[in-house]
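Listed here are the chains, written in short residue letters.
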Amino acid sequence: MTDRQTSGVGRLYGVGLGPGDPSLVTVRAAELIGKADVVAYHSARHGRSIARSIAERYLTGGQVEEKLVYPITVETTDHPGGYRGALDDFYEEAAARLAAHLDAGRDVVVLAEGDPLFYGSYQHMHKRLAHRYPTEVVPGVTSVSAAAARLGQPLTEAEETLTVIPGTLPEEELTARIAAADSAVIMKLGRTFPAVRRALERAGRLDDAQYVERAFMDGERILPLAEVEGETVPYFSVAVLPSKVAPLEPVERRTDGAGAVAVIGTGPAGPLWLTPEARGVLAEATDLVGYTTYLDRVPERPGQRRHASDNKVESERAEYALELARRGHKVAVVSSGDPGVFAMATAVLEVACEEAYRDVPVRIVPGMTAAHAAASRAGAPLGHDYAVVSLSDRLKPWDVVARRLRAAAEADLVLALYNPGSKSRTTQVALARDLLLEYRAPETPVVMARDVGGPTERVRIVRLGELDPALVDMRTILLIGSSQTRAVERGGGVEVVWTPRRYPEE
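Definitions and limits used
Residues numbered from 1 in each chain as written. Predicted model: local features only at pLDDT ≥ 70, side-chain atom pairs only at ≥ 80, totals over all residues. Heavy atoms only, no water. Helix = DSSP H or I, 4+ residues; strand = E, 2+ residues; numbered from the N terminus. Rg over C-alpha atoms; globule rule 2.2 N^0.38 Å. Buried < 20%, exposed > 50% of the residue type's maximum accessible area, 1.4 Å probe, protein only. Phe/Tyr/Trp six-rings, centres within 6.5 Å; stacked < 30°, edge-to-face > 60°. Lys NZ or Arg CZ within 6 Å of the ring centre and 35° of its normal. Salt bridge = Lys/Arg side-chain N within 4 Å of Asp/Glu carboxyl O. Polar contact = N/O pair within 3.5 Å; in protein donor to acceptor, adjacent residues only side chain to side chain. Contact = heavy atoms within 4.5 Å. Patch = residues over 30% accessible without salt bridge, like charges linked within 9 Å, V, L, I, M, F, W, Y side chains within 5 Å. Areas by Shrake-Rupley, 256 points an atom, 1.4 Å probe, with all protein chains shown as cover. Lys, Arg positive; Asp, Glu negative; His and termini not counted. Charge placed at Lys NZ, Arg CZ, Asp CG, Glu CD. Pairing = 2+ DSSP bridges. Axes fitted to C-alpha atoms, helices over the stretch in contact; angles between N-to-C directions. Arc of directions from axis to C-beta. pLDDT = per-residue confidence, 0-100. Left-handed = near helix turned anticlockwise from the far one by under 90°. Nonpolar A, V, L, I, M, F, W, Y, C, P; charged D, E, K, R; others polar. Right-handed = clockwise from strand over helix to strand, strands pointing away.

Mind laying out the overall build of the protein, listing which residues take part and the relevant values?
A tally of regular secondary structure across the protein gives 15 helices and 23 strands. For a compact globule of 506 residues, the expected C-alpha radius of gyration is about 23 Å, and the protein comes in at 31 Å, more than 25% above that figure. Its C-alpha atoms give the protein principal-axis dimensions of roughly 95 × 60 × 45 Å. Put simply, the protein has 506 residues, and 48% of those count as buried.

So, unusual backbone geometry: which residues are in play, and what are the values?
With phi around 55°, Tyr119 is a residue other than glycine that occupies positive phi space. For Tyr119, the position within the fold is in the loop between strand 4 (108-112) and helix 5 (122-129). Judged by its relative accessible area of 35%, Tyr119 falls in the partly exposed class.

So what's going on with the packing of aromatic side chains? Which residues, and what values?
Under the definition given, this model contains eight aromatic pairs. When the ring of Tyr70 is compared with that of Tyr91, the centres are 6.2 Å apart and the planes differ by 85°; the resulting orientation is edge-to-face. Pair noted here: Tyr70 is in the loop between strand 3 (64-69) and helix 4 (82-103) and Tyr91 is in helix 4, with a separation of 21 residues, a long-range link. Residues Tyr70 and Tyr91 agree in their burial class; the two are buried. Centroid distance Tyr291 to Tyr294: 5.0 Å. Interplanar angle 90°. Geometry classified as edge-to-face. In this arrangement the basic side chain of Arg150 is found over the ring face of Phe216, its NZ or CZ atom lying 3.9 Å from the centre.

Give a detailed account of the pattern of salt bridges, specifying residues and quantitative values.
Any two side chains of opposite charge can pair, on the condition that their charged atoms come close. Enumeration according to the criterion identifies 31 salt bridges in this entry. Note that Arg97 is salt-bridged to Glu93, the shortest N-O span being 3.8 Å. Taken together, the residues Arg97 and Glu93, both in helix 4 and four residues apart, mark about one turn of the helix. Note on Glu93: relative accessible area 37%, which makes it partly exposed. Each of Glu171, Glu172, Arg198 and Arg202 takes part in one network of salt bridges that share partners.

Could you give me a rundown of the side chain of Thr192, with the residues and numbers involved?
As for its position among the elements, Thr192 is in the loop between strand 7 (183-187) and helix 8 (193-202). Owing to a relative accessible area of 16%, Thr192 belongs among the buried residues under this scheme. In terms of polar contacts, Thr192 uses its side chain to reach the backbone carbonyl oxygen of Lys188, at 2.8 Å. Excluding residues that lie within four positions of it along the chain, Thr192 makes contacts with Gly167 and Thr168.

So, a negative patch on the surface: which residues are in play, and what are the values?
Residues Glu316, Glu319, Glu350 and Glu354 make up a contiguous surface patch of negative charge. Residue placement: Glu350 occurs in helix 12 (residues 344-352).

How would you summarise the sheet that holds strand 1 (residues 12-16) if you had to cite specific residues and measurements?
Spatially, five strands are ordered 3-2-4-1-5 in an open sheet, and the strand pairing comes out parallel. The two strands at the open ends of the sheet, each matched to only one other strand, are strand 3 and strand 5 (135-138). Adjacent strand axes in the sheet meet at a mean angle of 20°, parallel and antiparallel pairs treated alike. Pairing of strand 2 (residues 38-43) with strand 3, which is carried by six bridges, proceeds in the parallel orientation.

So what's going on with helix 7 (residues 171-180)? Which residues, and what values?
Because each turn of an α-helix spans 3.6 residues, side chains separated by three or four positions end up pointing in the same direction. When helix 7 is considered as a whole, its buried residues turn out to be Leu174, Thr175, Ile178 and Ala179. Along helix 7, the residues classed as buried sweep out an arc of 125° about the axis, all on the same side.

Quick one: what's the story with the confidence of the model for the protein, residue by residue and with numbers?
For the protein, the mean per-residue pLDDT works out to 90, and 95% of the residues sit at or above 70. Confidence over residues 248-256 falls short of pLDDT 50; this stretch has 18 contacts with residues more than four positions distant or in other chains.

Any chance you could break down the packing of helix 7 against helix 9 (residues 276-284) for me, citing the residues and the numbers?
Two elements in contact, helix 7 and helix 9, have axes separated by 6 Å at closest approach and are oriented at 35°. The two elements helix 7 and helix 9 meet at a crossing, and its hand is left-handed. Contacts from Ala176, Ala179 and Ala180 of helix 7 reach helix 9 at Pro276, Glu277, Arg279 and Gly280. Tallied by class, residues from the contact of helix 7 with helix 9 come to four nonpolar, one polar and two charged.

Mind laying out the sheet that holds strand 21 (residues 476-480), listing which residues take part and the relevant values?
On the basis of which strands lie adjacent, the open sheet formed by five strands has the order 17-18-21-19-20 and mixed pairing. Every interior strand has two partners, whereas the edge strands, strand 17 (386-390) and strand 20 (458-463), have only one. The sheet shows a mean angle of 20° between the axes of neighbouring strands, taken without regard to direction. Of the strand pairs in this sheet, strand 19 (residues 445-450) and strand 21 are connected by five bridges, and their pairing is antiparallel. Each residue of the ladder has a partner; that of Val446, found in strand 21, is Ile480. The strands touched by helix 13 (residues 370-378) are strand 17, strand 18 (414-418), strand 19, strand 20 and strand 21; relative to strand 21, the strand with the most contacts, the crossing angle is about 65°. Lying on the sheet, helix 14 (residues 398-410) is in contact with strand 17 and strand 18; it crosses strand 17 at an angle near 165°.

Give a detailed account of the pairing of strand 6 (residues 162-166), specifying residues and quantitative values.
Looking at chain direction, strand 6 and strand 7 are connected through five bridges and run parallel. In the sheet register, Thr163 faces strand 7, and the bridge partner there is Ala184. As for the winding sense of the linkage, the β-α-β connection from strand 6 through helix 7 to strand 7 is right-handed.

If you had to explain a nonpolar patch on the surface to someone new, which residues and values would you point to?
On the surface, Phe342, Tyr386 and Val388 cluster together into a nonpolar patch covering about 260 Å² of accessible area. Following the sequence through the fold, Phe342 ends up in the loop between strand 14 (330-335) and helix 12.

So what about the packing of helix 4 against helix 5? Which residues, and what values?
Packed helix pairs are characterised by how far apart their axes lie and by the angle those axes make with each other. Closest axis-to-axis distance for the helix 4/helix 5 pair is 9 Å, and the angle between their directions is 65°. Judged by the sense of rotation from one axis to the other, the crossing of helix 4 with helix 5 is right-handed. Within the contact between the two elements, helix 4 uses Asp88, Tyr91, Glu92, Ala94, Ala95, Leu98, Ala99 and Leu102 and helix 5 uses His124, Met125, Arg128 and Leu129. Here the contact of helix 4 with helix 5 is built from residues that sort into eight nonpolar, one polar and three charged.

Have a look at this one:
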């Protein structure tokens, strides 16, 4: 027995029609259209419906047709609820019209271009009716799949991810999403095209972008997006950033001199700390260069070459990256934290300023610093003026380190101490502690943060007089409070550290 026979109401069907060619309508969709009592479809006020034109060959002429005409599309409205309020009222009225048919025992097919639940108008009927009536959704070929098929290029391969982006997002958000994407499809172009094009250019992806207009429909156009004139773009078009794996040339062939170096900050640990810009540049690179530990944080991609080295060969690593770029490779030099803070940006720029490499493009891509990450875990210890000092005396004498610590202490600055200790450097933490105790009270809060963001993260709040050098290693950063820094126990026994924004007058 059918649902109608048992419940006395009709059945609602959301039927996907695919991208435009009637031959791409599924067998199930064609069957339901032919048997339906009522066929409903959306249209603008001009009355023409693309959905109906796709389904026309499957209509028998005996169905009731419900034309759901939008009161507005992109124009303004005097509705008290604005544009969204006008549409909500329309959807409620349209759902009521379909409900009347369903209550009378008539089966209703709602036609939808592409897939019913993928940016489709049907979804607004579904949300209002599916919980009240027996419902079936019939999937259809999406414009995303249609565009990839027409381009003849894979969208994703191996571990790549696909990002679907509405072109109606603000331009800054578009740029960030595009920069972070492996592969992407940008929908809803039309009037948004100029902003989408600018976002692609700002994200460095314009040359990769393809444009597909009316895939599998009359008037189909396919061309590089950079060649598209903005005023010619209709709503039924998409921008595609295909798989980066498939078109990647073997690196031996990249000898066109178009190489470049990007020095990437990956943050203190793991992909959650990676910026969208850094993620995008890493994905674009043909070669990754870096300290082995930091390279291991970057997911492997087919076609990319990885060049790992020891942590104490910064200059050699920089020269190797620049030499690869001079031969036409797109090189990402991987650094933890921010590359400009005790990291690889300086090493690369030192070599890049030599005569042999002055014409090699170099850019620095910032990242979350270890100091800021550690501070966020403890509260807001860097809420006022602070100084950043490396305790390592590998590249500068300890006398210089001590002089800078003393100056910062005399100025009553909060201190972020990088590289406090290692297997070969075991005395610096104790020396720094004793020096600072000449200027700070023993009760001064100290944040000891190790492996922030990593699997062995541990953040402790101690007092300067109790700071134990044995608990500090190379993966630890120390944040030493000023005379104004407070450590306060809040609910649940959690202690937070913060430095007031206002400094007391003398």
